[in-house]
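# Structural description and commentary
Below are the chains, spelled out letter by letter.
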Amino acid sequence: MAGDLREHLVHFFEEHHKLVEAGALQLLLDDHQPLVLSQELVENSVDGSPVVTREMVEAVLALRRTPAVGAAPTAELARHALPSPSPFELVQEGFVGPPVASQPHAAYQALFHSRYRALARLMRGRPQLPNLRPIKDLRASEGGASIIGMVRDVRETPQRHHLILTVDDDTGSVEVLVPKGSPGARVAILPDEVVGVHLSFAKDAGRLPRVVNIERPDIPVHRAVGRAPRGRRAIFLSDLHVGSRSFLLEPWKALTEFLRGQGPEPWLAASIDHVVIAGDLVDGIGVYPRQERDLAISDVVEQYVELGRRLSELPERLNVVAIPGNHDAVCPAEPQPTLPSSLATHLPPNVRVLANPSAFALEGVVVEAYHGRSFDDLIPAIPGASYARPTEVMKRMLQMRHLAPIYGDRTPLAPLPRDGLVIDPAPDILVTGHAHTYGVDRYRGVLLLNASTWQAETEYQRMRNISPVPARAAVVDLSTLGLFTGDFSTGTATFAAVPT
Ligand SMILES: [Fe+2]
């Protein structure tokens, strides 16, 4: 029972996109009303941290023990007792190494088990998945049941165009039929995503169970959201490609002038404390055929030295958070580790380098930053998806609660012991790059940003039919998630408010 309660509490905080520290969890378990205490902590942390610490639990317990006569209600006191969120707090880096097994098969098995466990936990107990069973315990005589499984294969029947899914869980494998035009067939089912499936069994034992409904982990409709207590801002950039001949120097100068308060809207610049860069910091070498023709700097170390020079043009007071992308000099398999210290040493001290992906909180607002390599797999797999509208694909990522589910295609996946591409906790902002366009959207309260590029169109992109929308930046108010789009493409900064 204690194990169940522990798991329940962890899950409860995760649903409210909070991580609970081990010490805090033990204090909660030791209390005579752990669920009530947990609820109080969540209710009182509207402007609090994404991490529940032992100190926070102690603060609430202390107030319970010594209520002052005529004082404000406990909840109100606790709200004041809880510390303000830190300007920056690391929630979780996607990269955790090394693999648990040296044999690739065993290592990938551990990765997929980790994915399954993490995503299945988000769906257990849902009323849309009645009579939930392990696959090995499915009985056709029961008429109906539900499973949670990873999609191993999707194929279409040749004549009627129904779908047949092969779904695996820890206990076995089953083939199920998704009738054409049924609710389950409305959203493309991707290989290696984890889904909940409500099944109905036919009386005829020879027929496949039919899918009544498909559930995805998704972002909860009702959840606590992170908002900064004060109107400080973050600016989101991506795909600098320093070292490329096509690096947009004049627009970059307009950006640095703006951030130094020497351009238009100095009040806006003064409100910015954070810069997030979603990968492809440099152009790299050997990333695509005959790239050397596009390079202004052909030595990758020199590219990072130049990146350091460019980033030192930003005001020193800014907290700069940068993750790598597929052009950077780290292992291309995802999750990617952070830049090695031999390269990071060329960057100014206010730049914090993290893994790709990484989740972190800026003033209590949880940001999931992912470069976006999986667009190369998801765009061909999702009908209607395109590089011009990456935020549509990002919605799908949130529904799956996974950034790059498809194994064995263009996005190499690293066989690490924890699947760091699972989106957990649910973020307040999801930022990507890679598509070299600019996109803003919202999904269930999550702000979606595709953060443009600082590289003009290259011949390689022309060949691949990618039309960049360069030199744009989103300036986000962390207390409201309202934003301005900055356009630096002409070498002069202009700003437009984005309607919410
Ligand atoms: Fe890029």
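So, how was this worked out
- Residues numbered from 1 in each chain as written.
- Predicted model: local features only at pLDDT ≥ 70, side-chain atom pairs only at ≥ 80, totals over all residues.
- Helix = DSSP H or I, 4+ residues; strand = E, 2+ residues; numbered from the N terminus.
- Rg over C-alpha atoms; globule rule 2.2 N^0.38 Å.
- Buried ≥ 20, exposed ≤ 12 C-beta atoms within 10 Å, placed from the backbone.
- Contact = placed C-beta atoms within 7 Å.
- Pairing = 2+ DSSP bridges.
- Domains from an automatic or database assignment.
- Nonpolar A, V, L, I, M, F, W, Y, C, P; charged D, E, K, R; others polar.
- Axes fitted to C-alpha atoms, helices over the stretch in contact; angles between N-to-C directions.
- Core = buried A, V, L, I, M, F, W, Y, C linked by C-beta atoms within 7 Å.

### Here's the deal with the overall build of the chain
Check the secondary structure of the chain and you find 13 helices and 20 strands. Relative to a compact globule of 500 residues, whose C-alpha radius of gyration would be 23 Å, the chain shows 24 Å and is just as compact. If you line up the chain on its principal axes, its C-alpha atoms span 75 × 70 × 45 Å. Buried positions account for 43% of the 500 residues belonging to the chain. Across the chain, every contact between residues at least 6 apart in sequence was considered, and the portion connecting residues at least 24 apart equals 69%.

### Side note on the pairing of strand β7 (residues 194-200)
For a regular strand, the rule is simple: side chains alternate between the two faces of the sheet. With respect to burial, β7 is a largely interior element, 6 of its 7 residues being buried. Examined bridge by bridge, β7 and strand β8 (residues 210-215) share 5 bridges and lie antiparallel to one another. If you follow leucine 199 over to β8, its bridge partner there is valine 211.

### Some remarks on the domain arrangement of the chain
Partitioning the chain into structural domains gives domain 1 (2-83), domain 2 (124-215) and domain 3 (233-498). Centre-to-centre, using C-alpha coordinates, domain 1 lies 35 Å away from domain 3. Its residues assigned to classes, the side of domain 1 that touches domain 3 comprises 2 nonpolar, 3 polar and 3 charged.

### Quick look at the sheet that holds strand β13 (residues 358-362)
Within the open sheet, the 6 strands sit side by side as β3-β13-β14-β15-β17-β16. Their pairing is mixed. Two strands lie at the open edges of the sheet, namely β3 (88-93) and β16 (438-443), each paired on one side alone. Geometrically, the sheet is characterised by an average inter-axis angle of 20° between neighbouring strands, direction not taken into account. For β13 and strand β14 (residues 365-369), the ladder comprises 5 bridges, and the chain directions are antiparallel. Pairing of leucine 362 across the sheet is with valine 365, part of β14. Against the sheet, helix α12 (residues 390-400) contacts β15 (429-432), β16 and β17 (446-451), and its axis sits at roughly 135° relative to β17.

### Let's talk about unusual backbone geometry
Cis geometry marks the peptide bond from glutamate 334 to proline 335; its omega dihedral reads 0°. Its place among the elements puts proline 335 in the loop between β11 (319-322) and α10 (341-344). In this chain, asparagine 356 is followed by proline 357 through a cis amide linkage whose omega measures 0°. Within the element layout of this structure, proline 357 appears in the loop between β12 (351-353) and β13. We note that glutamate 363 has phi near 55°; this positive angle belongs to a residue other than glycine. For glutamate 363, the location among the structural elements is in the loop between β13 and β14. For glutamate 363, a count of 24 C-beta atoms within 10 Å corresponds to the buried category.

### A look at the nonpolar core
With 119 residues, the main nonpolar core has Phe236, Val276, Ile277, Val367, Ile429, Val431 and Val476 as its most contacted residues. Residues contacting valine 367, with those up to four places away along its chain left out, are Val276, Ala359, Phe360, Leu362, Pro427, Ile429 and Val431.

### Focus on the environment of arginine 352
Mapping arginine 352 onto the fold places it in strand β12. The exposure class assigned to arginine 352 is partly exposed, which follows from the 17 C-beta atoms found within 10 Å. Expressed as a C-alpha distance, the spacing of arginine 352 and aspartate 218, which sit 134 residues apart in the sequence, is 30 Å.

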